[in-house]
Amino acid sequence: MQSKTISLAPGFTLFPTLKPPHKTLFFHQIFILILTFLAYASFHASRKPPSIVKSILGPTIQSNSSSRDTGWAPFNGPEGPHRLGELDLAFLSSYAVGMYFAGHVGDRIDLRLFLVFGMMGSGLFTIIFGFAYWFDVHLLGYFMGVQVVSGVFQSIGWPCVVSVVGNWFGKEKRGLIMGVWTSHTSVGNIIGSVVASGVLEFGWGWSFLVPGVLVIIVGLLVFCFLVVSPDDLGFEMMAPGKEIEMNVEGESVGNLEKMESEEAGLLENDDSDSLAAIGFLEAWRLPGVAPFAFCLFFSKLVAYTFLYWLPFYIRHTAVAGVHLSHKTAGILSTIFDIGGVFGGVMAGFISDIIEARAVTSVIFLLLSIPALILYRVYGSVSVVTNIALMFLSGLLVNGPYSLITTAVAADLGTQDLIKGNSRALATVTAIIDGTGSVGAALGPLLAGYISTRGWNSVFLMLSVAVFFASLFLIRVAKTEIEMMVNEGKGLWSSATAS
């Protein structure tokens, strides 16, 4: 199969000192982490405005604040929460469908250009949504259409950034690296919440315009400086689990043994082409892909319900007997994402220590059920209690969500069974996150309908979803525990024999 043509980012032509040997491998790895971090954080920042303006667009509430909510047709009637839920469904369903195709396409074209295309489209349609404020648009079809197209563009981001990072880093300590890196989701949510809430007083259209411009600016940086693979700069991956070494013309890449091993690998893969894209159904049949995909379905259902409805919930639920303002509710909701940053890093670190992704995920999921119940029951007692329980909920909910979408997807996409087919990574990532995105689309929609019956019903739905998420990983976790026990017995036997 013919390999796709890769063009080096123009920033390296403008700044040739960025190329090796002027800059080391370590420099470029850190640079890629930062650039992809900013890229996906900007994607998530542009997703937050709908949740921030929900309480403004939606039905009026009895408030003890000085301002009175008037809403925005067609979301301000009795069916307002339903319409807002359908708006989330329009975005997330197209995002889920687009995710499957994005991974498939991303395996076959230049990931840098594909990622930039997604960022520019996402920024543009985020801005177009905000135009409804200045042009006084009240057509439901307008909002739904913009959200559908925006979801397609947003779906391009995740398979691209995960594939790029997977190309630059080996499997050792991947959980910790990915745990730190995947905090871009929560950081993007925090930035989006703060920015959208900060400009809300000037009109809700600004809450879309500013994040949209932010995505476009970061997209220009990605276009100028993103390098998809170490090979594009002359670095070569010698073998699975080994360090990447620089291959500069005229210099030795390694010792004779390494060179012979590399030549053997090249001869072995000459006919199959290690860069050949894996089939969609073939990727589904890889061990572990289906259980983690369906676990993520329920995990993202919970995470995205909070993403899209938490500011609305805080605004409509009295804290210490007081209804908070739109701006305060939006900023306060960032505590959930701050907890998510710590949860992602903690889950990645623990999974690296015990070398068991499924066990780590199940522990976090089961602990999140009482955390959600406590937040619902005691979150309204005081602001301090609300913050503490919201932080704990974010930590436990986003921990396994972050782990599965990054380290687990990267592990499954580069496992030995597919013989080093690095381009399978985008397809596997798209399958796992695409399946999760179906749950992400369903959660906010259900919350919009169920919330009219009371928020206790919504939190019951979330607790049940978390329980089902843990069930899908029970068998995988059992296998990991058995492997740890067997390894422990082997070490004990070796120690006693000696």
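Residues numbered from 1 in each chain as written. Predicted model: local features only at pLDDT ≥ 70, side-chain atom pairs only at ≥ 80, totals over all residues. Heavy atoms only, no water.

Participant: Whenever I open this one, the overall build of the protein confuses me. Can you help?
Facilitator: From N to C terminus, the protein includes 20 helices and 2 strands. In the protein, which comprises 498 residues, the share counted as buried stands at 55%. Of the contacts formed within the protein by residues at least 6 apart in sequence, a portion of 81% connects residues at least 24 apart. (Helix = DSSP H or I, 4+ residues; strand = E, 2+ residues; numbered from the N terminus. Buried < 20%, exposed > 50% of the residue type's maximum accessible area, 1.4 Å probe, protein only. Contact = heavy atoms within 4.5 Å.)

Participant: For this particular structure, what's the right way to read unusual backbone geometry?
Facilitator: What is expected of a backbone is that most residues other than glycine have negative phi and most peptide bonds are trans. That bond from proline 20 to proline 21 is cis: its omega, 5 degrees, falls within 30 degrees of zero. Looking at the element boundaries, proline 21 is found in the loop between α1 (11-14) and α2 (25-45). That bond from alanine 73 to proline 74 is cis: its omega, 10 degrees, falls within 30 degrees of zero. When you line up the elements, proline 74 lands in the loop between α3 (49-57) and α4 (80-106). The phi dihedral of aspartate 136 is positive, around 55 degrees, even though this residue is not glycine. By the element assignment, aspartate 136 lies in the loop between α5 (111-134) and α6 (140-154).

Participant: Explain the environment of serine 470 to me, please; I cannot follow it from the model alone.
Facilitator: With respect to the element layout, serine 470 can be found in helix α19 (residues 455-471). Residues serine 470 and serine 299, 171 residues apart in the sequence, show an inter-C-alpha distance of 8.9 Å. Residues within four places of serine 470 in sequence aside, it is in contact with Val362, Leu365 and Leu366.

Participant: Teacher, can you tell me more about the packing of aromatic side chains here?
Facilitator: For any pair of aromatic rings, geometry is given as the distance between the ring centres together with the angle between the planes. Tallying each qualifying case throughout the model produces 39 aromatic pairs. Among the aromatic residues, ring-to-ring pairing joins Trp72, Phe75, Phe129, Tyr133, Trp134, Tyr142, Phe143, Trp204, Trp206 and Phe208 into one connected group. Looking at lysine 54, its charged tip hangs above the ring of tryptophan 309, at a distance of 4.9 Å from the centre. The ring of phenylalanine 223 carries the charged tip of arginine 112 above its face, separated from the ring centre by 5.1 Å. (Phe/Tyr/Trp six-rings, centres within 6.5 Å; stacked < 30°, edge-to-face > 60°. Lys NZ or Arg CZ within 6 Å of the ring centre and 35° of its normal.)

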